[in-house]
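Okay, here's what each chain looks like letter by letter:
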Amino acid sequence: MNASDPRSRRRALHALAALAAVPAGCASPMGDRGTVAGDRATRGPVEAPAGVLASPVRTPAPAPNANANANANANANANANGGRRPRLALALGGGAARGFAHVGVIETLEQAGLRPDLIVGTSAGSVVGALYASGLSAKALREAALGLEEGVLGDWTWTARGVLRGRALQEAVNRWVGSRPIERFAIPYAAVVTDLYDGSLKLVRQGDAGLAARASSAVPGVFEPVRLGDREYVDGGLVSPVPVRVARALGGEVVIAVDISAKPKFQDTDSMPRVLLQAFAIMAQQIAAPELREADVVVSPPVADRSSADFSDRAGAIALGAEAMRARLPALRARLAMARPAG
């Protein structure tokens, strides 16, 4: 392939991005805790996440903004009615271009007057989650999604460790969030990454937001690994495709899981790429299933049949996310009512 030919680059990017939503098969290091009980799993004590990566720099808390004020008002109303609103956490899963559906989920929540108190994201979910947690409104988030150029992924490197650097994605995220570090976000946020040295789950909760999203999205073999401190990190989907347990461990009392992953289904397996894609989809489903059972509400926009490299119908993906969240609003309101602490 001629790396200087734009058409060749586009074809290669689409082929590589097809793997971006399906992590390599491995068991989650956090194990399988929980059994299904109705719409929610029954659980014992939640273990702390495997580790936290954080910048040593401490900065003052951000000034209140619309999101923070909305949550404060919701809590005040809940207190007046006999108890504060339970802490609502949003766990956004990976799925490359299918991640536009996350935008629709957030739009519907905002229209319903429900803004999360915590956002945890893996891969594509880490990108969308960073933008919203930084203080963007759902409207601004939609505008950013519709205005995204595919070239944001196109910083080619063609080394033995990957074909994309990921720096372009990092810079784009930092532009969208106004170069604010994570600790100055309006909503607490964490990006899930995988330690390339020992396979453990780690979180990025402070520092460079673009770097955090870049590391969480660094699909092995596609993007170069990302160095943070003295270690290297890759896509968080290898250990937690939809980070429900992290959201719970960080204080989420009601956790919404948004699953945009590809689903295994019978297809022609007459070539090595098709065999690999089918195998990866099967393994990803097995990794994600235990965590999804532990969510309070699971939202599954019907985007599984869309290519993870299909940026052509972003508005359609957003609409599917919004529709799926609207269908789950009654279940979410019921969970919030059941989980409300006594005043």
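The rules behind the values
Residues numbered from 1 in each chain as written. Predicted model: local features only at pLDDT ≥ 70, side-chain atom pairs only at ≥ 80, totals over all residues. Heavy atoms only, no water. Salt bridge = Lys/Arg side-chain N within 4 Å of Asp/Glu carboxyl O. Helix = DSSP H or I, 4+ residues; strand = E, 2+ residues; numbered from the N terminus. Buried < 20%, exposed > 50% of the residue type's maximum accessible area, 1.4 Å probe, protein only. Polar contact = N/O pair within 3.5 Å; in protein donor to acceptor, adjacent residues only side chain to side chain. Core = buried A, V, L, I, M, F, W, Y, C linked by side-chain atoms within 4.5 Å. Contact = heavy atoms within 4.5 Å. Phe/Tyr/Trp six-rings, centres within 6.5 Å; stacked < 30°, edge-to-face > 60°. Pairing = 2+ DSSP bridges.

Quick notes on the pattern of salt bridges
- Applying the stated rule across the entire model yields nine salt bridges.
- As a salt-bridge pair, Glu 107 and Arg 142 come within 2.6 Å of each other at their nearest N and O atoms. Of this pair, Glu 107 sits in helix H3 (residues 100–111) while Arg 142 sits in helix H5 (residues 138–147), placing them 35 residues apart in sequence.
- The exposure class assigned to Arg 142 is partly exposed, which follows from its relative accessible area of 27%.
- Among the salt bridges present, the one from Arg 231 reaches Asp 195, with a minimum N-O distance of 3.0 Å. Of this pair, Arg 231 sits in strand S11 (residues 231–235) while Asp 195 is found in strand S8 (residues 189–195), placing the two residues 36 residues apart along the sequence.
- Here the residues in one salt-bridge network are Asp 195, Asp 198, Lys 202 and Arg 231, joined through shared partners.

Digging into helix H7 (residues 209–216)
- Of all eight residues in H7, seven are buried, a share of seventy percent or more.
- When H7 is considered as a whole, its buried residues turn out to be Ala 209, Gly 210, Ala 212, Ala 213, Arg 214, Ala 215 and Ser 216.
- The N-capping residue of H7, defined by a side-chain oxygen 2.9 Å from the backbone nitrogen of Gly 210, is Asp 208.

Points about the nonpolar core
- Judged by nonpolar contacts, the single largest core of 65 residues is most densely connected at Leu 109 and Leu 332.
- No other element matches helix H10 (residues 314–339), which puts nine residues into this core.
- Beyond its immediate stretch of four places on either side in the chain, Leu 109 contacts Leu 90, Leu 114, Ile 256, Met 325, Leu 329 and Leu 332.

Re the packing of aromatic side chains
- Across all of its chains, the model carries one aromatic pair by this definition.
- An angle of 50 degrees between the planes, with centres 5.7 Å apart, marks the rings of Phe 185 and Tyr 189 as tilted. Residue Phe 185 shares its accessibility class with Tyr 189, and that shared class is buried.

What to know about the pairing of S8
- Among the seven residues of S8, seven are classified as buried, and the element is accordingly described as predominantly covered.
- Here S8 shows two buried faces, one formed by Tyr 189, Ala 191, Val 193 and Asp 195 and the other by Ala 190, Val 192 and Thr 194.
- Bridge count for S8 against strand S9 (residues 201–204) is four bridges, and the pairing is antiparallel. Within the sheet, the bridge partner assigned to Val 192 lies in S9 and is Leu 203.
- Adjacent in sequence and paired antiparallel, S8 and S9 are bridged by five residues, among which Gly 199 carries a positive phi angle near 75 degrees.
- For S8 and S11, the ladder comprises three bridges, and the chain directions are antiparallel. Paired with Thr 194 across the two strands is Val 234, which belongs to S11.

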